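# A look at the structure
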Amino acid sequence: MEHLMIPKDYESQLNLHDTQLAIKTVKDFFQGLLAQRLNLTRVSAPIFVDPDSGMNDNLNGYERPVSFGIKEQNDKQAEVVHSLAKWKRYALHKYGFSYGEGIYTDMNAIRRDEVTDNIHSIFVDQWDWEKIINKNERNLDYLKDTVRTVYKCLRKTEQYMSIQYDYIDLILPKDIFFITSQELEDMFPDNTPKEREYYICKAKGAVCILQIGDKLESGEPHDGRAPDYDDWSLNADIVVYYPVLDIALELSSMGIRVDKKALLDQLEKAGCPERAELPFQHSIIKGELPLTIGGGIGQSRICMFFLRKAHIGEVQCSLWPDETVEECKKRGIQLL
């Protein structure tokens, strides 16, 4: 409850019925455009994986996955995915995709340790995508070009929704502003990473923060990143200013994936070199998996943003603390 924000005089412009229709409108338009611009094919994806495969995303390393025993397999444990960051790269290899081709899928996860608020839920739904690149494309210029493509899809979606619903005004700037996490720390050395994101987003409207995961000059990283999928020197977050809540809102995280050198270096920095022996990580070291770029784009996050909702529970079904449900009901926030 302490994390709940109630905007002054907030009133949803859509009732529950029309909100459901609008959610579908956002999702259908955006994912079709993204697939076209990045040359992505929709595929099926797992909800759970074998924990011994090394395939699950361990996020910041402390979040507990939801696990269960499979009766038919002598109670062998399975883990609900945290994301599909690693699985997608394996799938591109297994399914026989070629250079320049990619995949995308619905990723549904349960983050049991999440602290919920207006933009965080224990239920996570995003589009996970991944595309095969070559060695010469493992650079910042290629990453920035891909970020611009994703951002153009976001702007096109906002423009489309503003035509469908006249209460939606255009707020995304034409161009996204690029800054590294170190440059951001240098700009706001006395602030926390989240405060820095807020200040730069409010000033620029839409920001791409580059190079997240490694320690900054202050000795702390801007944010946590698992060491075995993104190359920390070649990754990025798209963060926008959201006036409904007066916050910086992350819509997408992406990156060029680790090669052998980056993987071994980052596992050592993260203090878990033993993970190199897991099947997925070992296949990278042996050069069996393609070089890729990929990312995740929050489905509920972009629906919330484009429909100008005050709470993520207005565009997704989840479970919330009783006091949050009661307060939202009193203040006109209609949780699904």
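Per an unreviewed UniProt entry, the chain goes by the name Aspartate--ammonia ligase and belongs to Roseburia porci. As its UniProt record puts it under Pathway (unreviewed entry), the chain is described as follows: "Amino-acid biosynthesis; L-asparagine biosynthesis; L-asparagine from L-aspartate (ammonia route): step 1/1." Looking at the chain in UniProt, the text filed under Catalytic activity (unreviewed entry) is "L-aspartate + NH4(+) + ATP = L-asparagine + AMP + diphosphate + H(+)".

### Some remarks on the packing of aromatic side chains
Each pair of aromatic rings is reported with the distance of its centres and the angle of its planes. Inspection of the entire model under this criterion finds 10 aromatic pairs. Arranged with centres 5.4 Å apart and planes meeting at 45 degrees, the rings of tyrosine 242 and phenylalanine 305 form a pair that is tilted. Of the two residues, tyrosine 242 is situated in strand 9 (residues 230–242) and phenylalanine 305 in helix 8 (residues 299–307); the sequence distance between them amounts to 63 residues. Aromatic pair phenylalanine 305 and phenylalanine 306: ring centres 5.3 Å apart, planes at 75 degrees, arrangement edge-to-face. For phenylalanine 305, a relative accessible area of 0% gives the class buried. Members of the aromatic cluster, connected to one another through ring pairs, are Phe188, Tyr198, Tyr199 and Tyr241. Cation over ring: arginine 308 sits above phenylalanine 305, and NZ or CZ is 5.0 Å from the ring centre.

### Structural notes on the state of the cysteines
Within this structure, the stated rule accounts for zero disulfides. Note on cysteine 201: no disulfide assigned, nearest cysteine sulfur contributed by cysteine 208 at a separation of 11 Å.

### A look at helix 9 (residues 322–330)
Within the span of helix 9, buried status applies to Thr324, Glu327 and Cys328. Seen end-on, helix 9 carries its buried residues on one side only, within an arc spanning 100 degrees. More than 90 degrees from the buried face of helix 9, the exposed residues found are Asp322, Lys329 and Lys330. Just past helix 9, the residue glycine 332 takes up positive phi, approximately 85 degrees.

### Quick notes on the pairing of strand 5 (residues 102–110)
Where strand 1 (residues 40–42) and strand 5 come together, three bridges link them in parallel fashion. Counterpart to arginine 42 in the pairing with strand 5 is tyrosine 104. Taken together, the nine bridges between strand 5 and strand 6 (residues 123–132) define a ladder with antiparallel strand orientation. Of the residues in strand 6, the one forming a bridge with alanine 109 is valine 124.

### A closer look at the pairing of strand 9
Here strand 9 lies mainly inside the structure; 12 of its 13 residues are buried. Strand direction decides the pairing type here: strand 8 (residues 206–210) and strand 9, joined by five bridges, are antiparallel. When the bridges of strand 9 are listed, valine 207 appears paired with valine 239. The pairing of strand 9 with strand 10 (residues 247–257) spans nine bridges and is antiparallel. The partner of isoleucine 238 across the bridge, within strand 10, is serine 252.

### A short note on the sheet that holds strand 4 (residues 76–80)
Taken in spatial order, the three strands of this open sheet run 2-4-3, and their pairing is antiparallel. Taken across any chain shown, the strands that pair with only one partner, and hence form the sheet edges, are strand 2 (48–49) and strand 3 (67–70). The pairing of strand 2 with strand 4 spans two bridges and is classified as antiparallel. Along strand 4, the bridge assignment pairs valine 49 with glutamate 79.

### A word on unusual backbone geometry
Located in the positive-phi region is aspartate 75, a residue other than glycine, with phi close to 60 degrees. Turning to its location among the elements, aspartate 75 is positioned in the loop between strand 3 and strand 4. Despite not being glycine, arginine 308 has its phi angle at roughly 60 degrees, a positive value. Mapped onto the fold, arginine 308 is located in the loop between helix 8 and helix 9. Arginine 308 sits in the buried class, given a relative accessible area of 13%.

### Structural notes on the side chain of glutamine 126
Mapped onto the secondary structure, glutamine 126 falls in strand 6. Given a relative accessible area of 14%, glutamine 126 falls into the buried group. A distance of 2.5 Å separates polar atoms of two side chains, one belonging to glutamine 126 and the other to aspartate 128. Setting aside residues up to four positions removed in sequence, glutamine 126 forms contacts with Ser83, Thr105, Asp106, Met107, Gly296, Ile297, Gly298 and Gln299.

Parameters at a glance
Residues numbered from 1 in each chain as written. Predicted model: local features only at pLDDT ≥ 70, side-chain atom pairs only at ≥ 80, totals over all residues. Heavy atoms only, no water. UniProt positions renumbered as here; feature names shortened; annotations may be inferred. Phe/Tyr/Trp six-rings, centres within 6.5 Å; stacked < 30°, edge-to-face > 60°. Helix = DSSP H or I, 4+ residues; strand = E, 2+ residues; numbered from the N terminus. Buried < 20%, exposed > 50% of the residue type's maximum accessible area, 1.4 Å probe, protein only. Lys NZ or Arg CZ within 6 Å of the ring centre and 35° of its normal. Disulfide = S-S within 2.5 Å. Arc of directions from axis to C-beta. Pairing = 2+ DSSP bridges. Polar contact = N/O pair within 3.5 Å; in protein donor to acceptor, adjacent residues only side chain to side chain. Contact = heavy atoms within 4.5 Å.

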